[in-house]
Amino acid sequence: MNPTSCRGHTSFLDLLLGLGAVAAVASGGGLLSAGASTPALMPVTAYRSASCGCCKGWLQHMRANGFTVRDVVVADVDVVKRRLGVPARLASCHTAEVAGFALEGHVPAADVKRLLQRRPPVTGIAVPGMPLGSPGMESAFAKEPFTVMAFTRSGAITTFSQHPQVRTEP
Ligand SMILES: [Cu+2]
């Protein structure tokens with residue numbers, strides 16, 4: 001997989017959706033009252049290679065959905081993936097950490113929030129590869145269905161959520 005091959009544009013629609021989510025949280029009073037334990041405010045540390053455009057797109061997506069993201073450029077993301085226990089067959093471009101969980105690839109912010117709310121006994125969640133239409137991989141030409149997988153260090157891999165996307169003909 002070549003992390004430099006992806007596209008780095010976040011669509012206007014995605015920005016709007018992200019801002020909408022932040023506004024919804026703010027209007028509910030969550031940002032003011034809930035403090036540091038609010039899942040939406042958990043800091044995310046993201047590791048990526050310097051040339052990865054779609055990684056930056058995912059960072060933008062997370063920030064637009066209320067996360068504070070620390071952007072760490074590393075020489076070899078595979079070292080980080082091994083440290084965090086990401087199975088090789090679930091690998092994508094960037095890898096991130098939030099609240100002790102690993103996040104691999106273009107995981108939607110909504111899934112990260114669900115992970116933080118439910119705290120299942122997993123090491124992390126992943127979107128393998130780089131499906132078109134996933135957050136940070138916006139495309140005018142195609143939206144591929146994708147599945148968010150949960151994984152453990154003992155090697156168990158299960159389905160966390162599914163994102164059936166509508167294909168558009170070019
Ligand atoms: Cu990517």
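Below or above, wherever it landed, is the structure these notes cover. Everything quoted here is computed from the prediction, not taken from an experiment.

The rules behind the values
- Residues numbered from 1 in each chain as written.
- Predicted model: local features only at pLDDT ≥ 70, side-chain atom pairs only at ≥ 80, totals over all residues.
- Helix = DSSP H or I, 4+ residues; strand = E, 2+ residues; numbered from the N terminus.
- Buried ≥ 20, exposed ≤ 12 C-beta atoms within 10 Å, placed from the backbone.
- Pairing = 2+ DSSP bridges.
- Arc of directions from axis to C-beta.
- Contact = placed C-beta atoms within 7 Å.
- Core = buried A, V, L, I, M, F, W, Y, C linked by C-beta atoms within 7 Å.
- Expected span 1.5 Å × (residues − 1).
- Right-handed = clockwise from strand over helix to strand, strands pointing away.

**Considering the overall build of the protein**
Moving on, step 1. Helices and strands together make up the secondary structure of the protein, namely 5 helices and 7 strands.
Moving on, step 2. Each helix and strand of the protein, ordered N terminal to C terminal, gives the series α-α-β-α-β-α-β-β-α-β-β-β.
Moving on, step 3. For the protein, the proportion of its 170 residues judged to be buried stands at 36%.

**Focus on unusual backbone geometry**
Moving on, step 1. Here Ala 99, not a glycine, exhibits a phi torsion of approximately 50°, which is positive.
Moving on, step 2. Of note, Ala 99 is situated in the loop between strand 3 (95-98) and strand 4 (101-105).
Moving on, step 3. Despite not being glycine, Arg 119 shows a phi value in the positive range, around 45°.
Moving on, step 4. Position of Arg 119 relative to the elements: it lies in the loop between helix 5 (109-118) and strand 5 (124-127).

**Comments concerning the pairing of strand 3**
Moving on, step 1. In the sheet, strand 1 (residues 43-48) pairs with strand 3 via 4 bridges, with the strands oriented antiparallel. Residue pairing in the sheet places Thr 45 in a bridge with Glu 97 of strand 3.
Moving on, step 2. Direction of pairing for strand 3 relative to strand 4: antiparallel, over a ladder of 4 bridges. Across the sheet, residue Thr 95 finds its bridge partner in strand 4, namely Glu 104.
Moving on, step 3. Hairpin connection between strand 3 and strand 4: a loop of 2 residues separates the two successive antiparallel strands, and Ala 99 in this loop has a positive phi of roughly 50°.

**Focus on helix 5**
Moving on, step 1. Residues of helix 5 that are buried include every one of Ala 109, Val 112, Lys 113 and Leu 115, and no others. Projection of helix 5 onto a plane perpendicular to its axis shows the buried side chains occupying an angular sector of 155°, all on one side. Among the exposed residues of helix 5, those pointing more than 90 degrees away from its buried face are Gln 117 and Arg 118.
Moving on, step 2. At its buried positions, helix 5 is contacted by helix 3 (53-64), strand 3, strand 4 and strand 5.
Moving on, step 3. Of the residues one or two after helix 5, Arg 119 is the one with positive phi, at around 45°.

**Some words on the nonpolar core**
Moving on, step 1. One finds Cys 54, Leu 103, Val 107, Ile 125, Ala 126 and Met 149 to be the most contacted residues of the largest nonpolar core, which totals 36 residues.
Moving on, step 2. Secondary-structure elements contributing two or more residues to this core are strand 1, helix 3, helix 4 (77-84), strand 3, strand 4, helix 5, strand 5 and strand 6 (146-151).
Moving on, step 3. With near-sequence residues (within four places) excluded, Ile 125 lies in contact with Leu 103, Val 107, Asp 111, Leu 115, Val 148, Met 149, Ala 150 and Phe 160.

**Some details on the environment of Val 148**
Moving on, step 1. Mapped onto the elements of the fold, Val 148 is located in strand 6.
Moving on, step 2. Counting along the chain gives 44 residues from Val 148 to Glu 104, while the straight-line C-alpha distance between them is 9.5 Å.
Moving on, step 3. Those residues within four positions of Val 148 in sequence are excluded, and the remaining contacts are Val 107, Asp 111, Ile 125, Val 127, Phe 160 and Ser 161.

**Observations concerning helix 3**
Moving on, step 1. Across its 12 residues, helix 3 extends 17 Å between first and last C-alpha, which sits within 8% of the 16 Å expected from 1.5 Å per residue.
Moving on, step 2. Along helix 3, the residues that are buried comprise Cys 54, Cys 55, Gly 57, Trp 58, Leu 59, His 61, Met 62 and Ala 64.
Moving on, step 3. Within two residues after helix 3, Gly 66 carries a phi angle of roughly 100°, on the positive side.

**Some points on the pairing of strand 5**
Regular strands place their side chains on alternate faces of the sheet.
Moving on, step 1. Burial along strand 5 is two-sided: Gly 124 and Ala 126 facing one way and Ile 125 and Val 127 facing the other are all buried.
Moving on, step 2. As judged from the 4 bridges shared by strand 4 and strand 5, these two strands associate in the parallel manner. If you follow Gly 105 over to strand 5, its bridge partner there is Val 127.
Moving on, step 3. Note on the crossover from strand 4 through helix 5 to strand 5: the handedness is left-handed.
Moving on, step 4. Alignment of strand 5 against strand 6, held across 3 bridges, turns out to be antiparallel. Bridge pairing in strand 6 links Ile 125 to Ala 150.

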